[in-house]
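One-letter residues, chain by chain:
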Amino acid sequence: MSVSSVQAAKQGRRAGIVQAVALVSLAGILVWLWSSGMADEILTYSDDISYLAFQHLELVAWAGALAILSAVPIGIVLSRPALRSISEAAMQVFNIGSTVPTLAILALSMSVLGIGTVPAVFGLWAATLLPIVRNTYAGICAVPPHLVEAATGMGMTPRQVLWRVELPNALFVIFGGIRTALAICVGSAPLVFLIGAGGLGELIFTGIALNDLQMMLAGAIPTALIAVLVDFSIGQIQYHLVPRGINPLR
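Just so we're clear, the structure is a prediction, and the values are computed from it rather than from any experiment. Residues take numbers from 1 onward in each chain, read along the sequence in its written order. Confidence filtering applies because this is a predicted model: local features only for residues at pLDDT of at least 70, side-chain atom pairs given and counted only at 80 or more, and all residues used for totals across whole chains, interfaces and linings. Where side-chain values are given, they derive from all heavy atoms of the structure, hydrogens and water being excluded.

*Asks:* Can you break down the overall build of the protein chain residue by residue, with the values?
*Replies:* Numbering of helices and strands runs from the N terminus, with a helix taken as a DSSP run of H or I at least four residues long and a strand as a DSSP run of E at least two residues long. When helices and strands are tallied, the protein chain shows 10 helices and zero strands. Per-residue accessibility, obtained with a 1.4 Å probe over protein chains only, is compared with the maximum for each type, and a residue is labelled buried under 20%, exposed over 50%, and partly exposed between these values. Looking at the protein chain as a whole, 44% of its 250 residues qualify as buried. Counting only contacts in the protein chain whose residues sit at least 6 apart along the sequence, the fraction spanning at least 24 positions is 74%. Summing over all exposed atoms, the protein chain offers an accessible surface of approximately 13,000 Å²; the carbon and sulfur share of this is 70%. Residue contacts are defined here by distance: any two heavy atoms, one from each residue, within 4.5 Å place the two residues in contact. Working definition of accessibility: Shrake-Rupley area with a 1.4 Å probe, residue cover restricted to the visible protein chains.

See below:
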């Protein structure tokens, strides 16, 4: 097992522990809300929660899908031997999305693209690129050289080596980056309410402005649940999609 696989396995186990702690914490909060009678007041916003949660998921789906479709190919290109010398310099471009606060990215995108869904998706996309690009690059670079040499010795072309050897062996690490990116995306999505894109941030920020705890929790609790469910779903896909021989969790 390569060093990257061991590290990925440790990250996977840590993610599982964090997920379990989050579920226990959420369960505790729900029990407290129910026992205090606050749950009934929160449920008065049930129609708003269902509508805004769908908006929230739609924004995350668009931004996450675009990030995966663009970041994975970029990570593959940067992992090619001819470009590895400039890969770290190129990585700093994508680091901007993580270094600059998400609210600042949304403000900049709003100034160019206006208000609404388009600048929101663009801002979330920019904020989620780096984990996927870096994990794709790191996963492919960590593929044991003897596997690549053996595949080349069997007569495989560079494209065949990439698709049949490098990407399958890097898949677990790539999924780790996708899980991190989607967690960032779900957590940042409430901010897009500030540029007119809707989502559960509408309940959170309106509740803060009105000093209405129930309204704020009506947005915050579903956001936390969505984050846990998205991470769990991607984790299950990762567990079952990555083959047993290269999946350190199986």
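Picking up where we left off.
*Asks:* Go over the nonpolar core with me, naming the residues and quoting the values.
*Replies:* What we call a nonpolar core is a set of buried Ala, Val, Leu, Ile, Met, Phe, Trp, Tyr and Cys residues that are connected through their side-chain atoms within 4.5 Å. Among the nonpolar cores identified, the biggest contains 51 residues, and Ile42, Leu59, Leu124, Ile132, Val192 and Leu203 are the most heavily contacted of them. Of all the elements in the fold, those that place two or more residues in this core are helix H2 (38-43), helix H3 (46-78), helix H4 (84-99), helix H6 (117-141), helix H8 (158-188) and helix H10 (213-241). Apart from residues lying up to four places away in sequence, Leu59 is in contact with Thr117, Ala120, Val121, Leu124, Val192 and Ala197.

*Asks:* Which residues make up the packing of H8 against H10, and what values do they have?
*Replies:* It is the contact of H8 with H10, at a shortest axis distance of 9 Å, that shows an interaxial angle of 170 degrees. Comparing the axis directions of H8 and H10 gives the class roughly antiparallel. Each of Phe172, Phe175, Gly176, Ile178, Arg179, Leu182 and Val186 in H8 lies in contact with H10, whose residues at this interface are Thr223, Ile226, Ala227, Val230, Asp231, Ile234, Gly235, Ile237, Gln238 and Leu241. Taken together, the residues that form the contact of H8 with H10 break down as 11 nonpolar, four polar and two charged. What counts as an axis is a line fitted to C-alpha atoms, over the stretch in contact for a helix, and the angles between N-to-C directions run from 0 to 180 degrees. Angles below 35 degrees are treated as roughly parallel, those above 145 as roughly antiparallel, those between 65 and 115 as roughly perpendicular, and all remaining angles as oblique. Following the grouping adopted for this structure description, the nonpolar residues are Ala, Val, Leu, Ile, Met, Phe, Trp, Tyr, Cys and Pro, the charged ones are Asp, Glu, Lys and Arg, and the polar ones are all others, Gly among them.

*Asks:* Can you lay out the environment of Ser233 for me, pointing to particular residues and giving the numbers?
*Replies:* Within the secondary structure layout, Ser233 lies in helix H10. Under this definition, polar contacts are N or O atom pairs within 3.5 Å; protein pairs additionally need one hydrogen-donor-capable and one acceptor-capable atom, and for neighbouring residues in sequence, both atoms have to be side-chain atoms. Engagement of the side chain of Ser233 in a polar contact is seen with the backbone oxygen of Leu229, the distance being 2.8 Å.

*Asks:* Before we move on, can you summarise the pattern of salt bridges with the specific residues and values?
*Replies:* Here a salt bridge means any side-chain nitrogen of Lys or Arg lying within 4 Å of a carboxyl oxygen belonging to Asp or Glu. Enumeration according to the criterion identifies three salt bridges in this entry. Of the charged contacts in the structure, one is a salt bridge between Arg134 and Glu88, with a shortest N-O distance of 3.6 Å. A residue pair is termed long-range when its members are at least 10 positions apart, and Arg134 in helix H6 and Glu88 in helix H4 qualify at 46 residues. Accessibility expressed as a relative area gives 31% for Arg134, which makes it partly exposed. You can call Glu88 partly exposed: its relative accessible area is 40%. The shortest N-O distance in the salt bridge between Arg179 and Asp231 comes to 3.0 Å. Taken together, the residues Arg179 in helix H8 and Asp231 in helix H10 connect sequence positions 52 residues apart.

*Asks:* Describe the packing of aromatic side chains, listing the residues and the values that go with them.
*Replies:* Two measures describe an aromatic ring pair: the distance that separates the ring centres and the angle between the ring planes. Pairing of aromatic rings covers Phe, Tyr and Trp, the last through its six-membered ring, and needs centres within 6.5 Å; plane angles under 30 degrees mean stacked, over 60 mean edge-to-face, and all others mean tilted. Counted according to the given criterion, the structure contains two aromatic pairs. Here the aromatic rings of Phe122 and Trp125 are separated by 5.6 Å at their centres, their planes lie at 40 degrees, and the arrangement is tilted. Of this pair, Phe122 and Trp125 both sit in helix H6, three residues apart, which is roughly one turn of the helix. Under the relative-accessibility criterion, Phe122 is labelled partly exposed at 38%. With a centroid separation of 6.2 Å and 15 degrees between ring planes, the pair formed by Phe193 and Phe205 is classed as stacked. Within this pair, whereas Phe193 is found in the loop between H8 and helix H9 (201-209), its partner Phe205 is found in helix H9, the two being separated by 12 residues in sequence. Phe205 gets classed as partly exposed once you look at its relative accessible area, which sits at 25%.

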